[in-house]
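Structural overview for review
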Amino acid sequence: MRALLSGYYGQGNGGDEALLATLLQMLPESVTPVVLSGNPEETQRRYNVEACERKAFNKVMQALSSCDAFIWGGGSLIQDATSAISPFYYTGLMAIAQKRGMKTVAWAQGIGPLKRNATKWLARQNFAGCTKISVRDRVSASLLQEWEIPHVLAPDPVWALESQSTPGLWDTPAPRVAVTLRAHPELTPARLGNLTKALVDFQKATQTFILLIPFQKSKDLSIAQAIQPALEDVSKIITIEEPTLLKGIYRGVEMAIGMRLHSLIMAASEGCRCFALSYDPKINRLMEELEMPGWDIGELPDDANAISTAWIEHFANGEALSEDRIKFITDRALIHREVLQQALI
């Protein structure tokens, strides 16, 4: 069997690459993956899989014709908050696959926000036609339940991604704190300035070494570069795109401060204390499920001292998830693998 994998792949986003790596890790051995990618050459090199350009219509149609199954490969693909066009792309491909009678899987989906009636209708039609569906959060599960569409709920599959030790990490001073910020309208220059000052005060109080980790270089690297001069000699920017190595960073980190969902999931799964800065409901859901401290980025305290004090308190007295809870969540994340086996074998 050949399966066409569709997601936000080949765009340099660490979280989406982690979803792809986990999906490839969970696919039955009898299934040959074909990946739609924004950078097919890089995807083919990194994962040793067949890949084609995700926006080249003729090539995508040829790839669909060569496959027996179609998979939405994880994440918030079906939402219209960041783009009104994106959900039409994904639902369009799913509709074609379903019309051709292919096995179709909505895998590890985080559905919404859906603000437009047209995208809600398209989403409902697509999900109703799927062979199997798995979702990663209760809000998505509730929506499908409201639509009376069968599904299974399990934690984000990246909890179960195998990590590797990151070369050079252990050459940096300990203890280490990882920081991942991303560009967002709510992260104004004033708020970034407050976060930078808070990081400086936090570092001085804790004597930690700050690892600035851009999860998507096109959006995150400039922010890391803006922060680093204030942390000269006590910080390092680490740019890694290989998902297993990216996750491996958190093996050697005491605490993570993150805006990116998968920076927090990777950190929590490796036994790291986490502090969230949320820009999206999906991060609020994670905070609620794990009782993770943090703020919405739009409600960040104006006082840098209040921010650094909260971080210092969490560094000193906060707790990571217990090994038992990490194992429980990771085992449940493997339900996404069972969904693939049920749908494709």
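Conventions and cut-offs
Every chain begins its residue count from 1, and numbering advances along the sequence as written. Local features in a predicted model are, by the rule used here, given only for residues with pLDDT of at least 70; side-chain atom pairs are given and counted only at 80 or more, and totals for whole chains, interfaces and linings are based on all residues. Side-chain figures throughout are based on the complete set of non-hydrogen atoms in the structure, without hydrogens or water. Residue burial is assigned from relative accessible area. The probe radius is 1.4 Å, only protein chains are included, and a residue is buried under 20% of its type maximum, exposed over 50%, and partly exposed in between. Each helix is a run of DSSP H or I of at least 4 residues and each strand a run of E of at least 2, with the numbering of both proceeding from the N terminus. Residue contacts are defined here by distance: any two heavy atoms, one from each residue, within 4.5 Å place the two residues in contact. Here a polar contact means two N or O atoms within 3.5 Å. Within protein one must be a hydrogen donor candidate and the other an acceptor candidate, and residues neighboring in sequence count only if both atoms are side-chain atoms. The directions considered for the arc run from the helix axis to the C-beta atoms. Note on disulfides: each one is a pair of cysteine sulfur atoms within 2.5 Å. At least two bridges found by DSSP between two strands is the condition for calling them paired. Axes here mean lines fitted to C-alpha atoms, for a helix over just the part in contact, with angles spanning 0 to 180 degrees between N-to-C directions. Each angle gets one of four labels, with under 35 degrees taken as roughly parallel, over 145 as roughly antiparallel, 65 to 115 as roughly perpendicular, and the rest as oblique. Ten residue types, Ala, Val, Leu, Ile, Met, Phe, Trp, Tyr, Cys and Pro, are classed as nonpolar, four, Asp, Glu, Lys and Arg, as charged, and the remainder, Gly among them, as polar. Less than a right angle of anticlockwise turn of the near helix away from the far helix marks a crossing as left-handed, whereas a clockwise turn marks it as right-handed. Computed over the protein atoms alone on a 1 Å grid, cavities are sets of points where a 1.4 Å probe fits but cannot get out and pockets are open sets with protein on both sides within 12 Å along at least five of seven lines; a residue lines them when it has an atom within 4 Å of a point. Grid points are joined across faces, edges and corners, and a volume is the space filled by probe spheres set on the points.

**Let's talk about helix α11 (residues 281–290)**
Looking only at α11, the buried set comprises I283, R285, L286, M287 and L290. Looking at the buried positions of α11, the neighbouring elements they touch are α6 (138–146), α10 (261–269), β12 (273–278), β13 (294–296) and α13 (323–333). Put simply, D280 is the residue that caps the front of α11, since its side-chain oxygen is 2.9 Å from the backbone nitrogen of K282. Following α11 by one or two positions, E291 has its phi on the positive side, about 55°.

**Overview of helix α14 (residues 335–344)**
Those residues of α14 lying buried are H336, V339, L340, A343 and L344. Seen end-on, α14 carries its buried residues on one side only, within an arc spanning 105°. Packed against the buried residues of α14 are α1 (14–26), β4 (69–75), β5 (103–109), β6 (132–135), β7 (152–153) and α13.

**Remarks on the state of the cysteines**
The tally for this structure, following the rule as stated, stands at zero disulfides. The thiol sulfur of C67 is not disulfide-bonded, and the nearest other cysteine sulfur, from C52, lies at 8.6 Å. On the basis of relative accessibility, which here comes to 7%, the residue C67 falls in the buried class. Looking at the unpaired C130, the closest cysteine sulfur is the one in C67, lying at 16 Å.

**As for the sheet that holds strand β2 (residues 32–37)**
The strand order β3-β2-β1-β4-β5-β6-β7 describes an open sheet built from seven strands, whose pairing is parallel. Each edge of the sheet is formed by a strand with only one pairing partner; in this case those strands are β3 (50–53) and β7. Here strand β1 (residues 2–6) runs beside β2; their pairing, made up of four bridges, is parallel. Paired with L4 across the bridge in β2 is V34.

**Considering the sheet that holds strand β9 (residues 209–212)**
In space, the six strands of this open sheet follow the order β10-β9-β8-β11-β12-β13, with parallel pairing throughout. For this open sheet the edge positions go to β10 (235–237) and β13, each flanked by a neighbour on one side alone. Looking at each pair of strands side by side, their axes are set apart by 15° on average, direction ignored. Bridge count between strand β8 (residues 176–180) and β9: four bridges; the pairing is parallel. Counterpart to R176 in the pairing with β9 is F209. Contacting β12 and β13, α11 crosses the sheet at an angle of about 145° to β12.

**Describing the packing of α13 against α14**
Here α13 crosses α14 at 15°, and the two axes come no closer than 4 Å. By the angle class used here, α13 and α14 are roughly parallel. Contacts from D331, R332 and A333 of α13 reach α14 at I335, H336 and R337. Residue classes in the contact of α13 with α14 are distributed as two nonpolar, one polar and three charged.

**Side note on the packing of helix α7 (residues 189–206) against helix α12 (residues 304–317)**
Contact geometry of α7 with α12 gives a least axis separation of 8 Å together with a crossing angle of 40°. What the angle tells us is that α7 and α12 run oblique. You can see that α7 and α12 cross each other, and the crossing is right-handed. On α12, the residues that touch N194, L195, K197, A198, L199, D201, F202, A205 and T206 of α7 are A304, I307, S308, W311, I312 and F315. Residues belonging to the contact of α7 with α12 are distributed by class as follows: 10 nonpolar, three polar and two charged.

**Here we look at the layout of surface pockets**
One number sums up the size of the largest pocket: a volume of about 850 Å³. Y8, D16, S76, Q79 and T82 are the residues nearest the centre of the largest pocket, which is lined by 33 residues in total. For the lining of the largest pocket, the secondary-structure elements that each account for two or more residues are α1, α4 (86–99) and α10. Split by residue class, the lining of the largest pocket holds 10 nonpolar, 14 polar and nine charged. Reported here for the second largest pocket is a volume of approximately 350 Å³. Around the second largest pocket, the lining is made up of 19 residues, and of these R136, P155, D156, L286 and E289 lie nearest the centre. Of all the secondary-structure elements, those providing two or more residues to the lining of the second largest pocket are α10, α11 and α13. Residue composition of the lining of the second largest pocket, by class: 10 nonpolar, no polar and nine charged.

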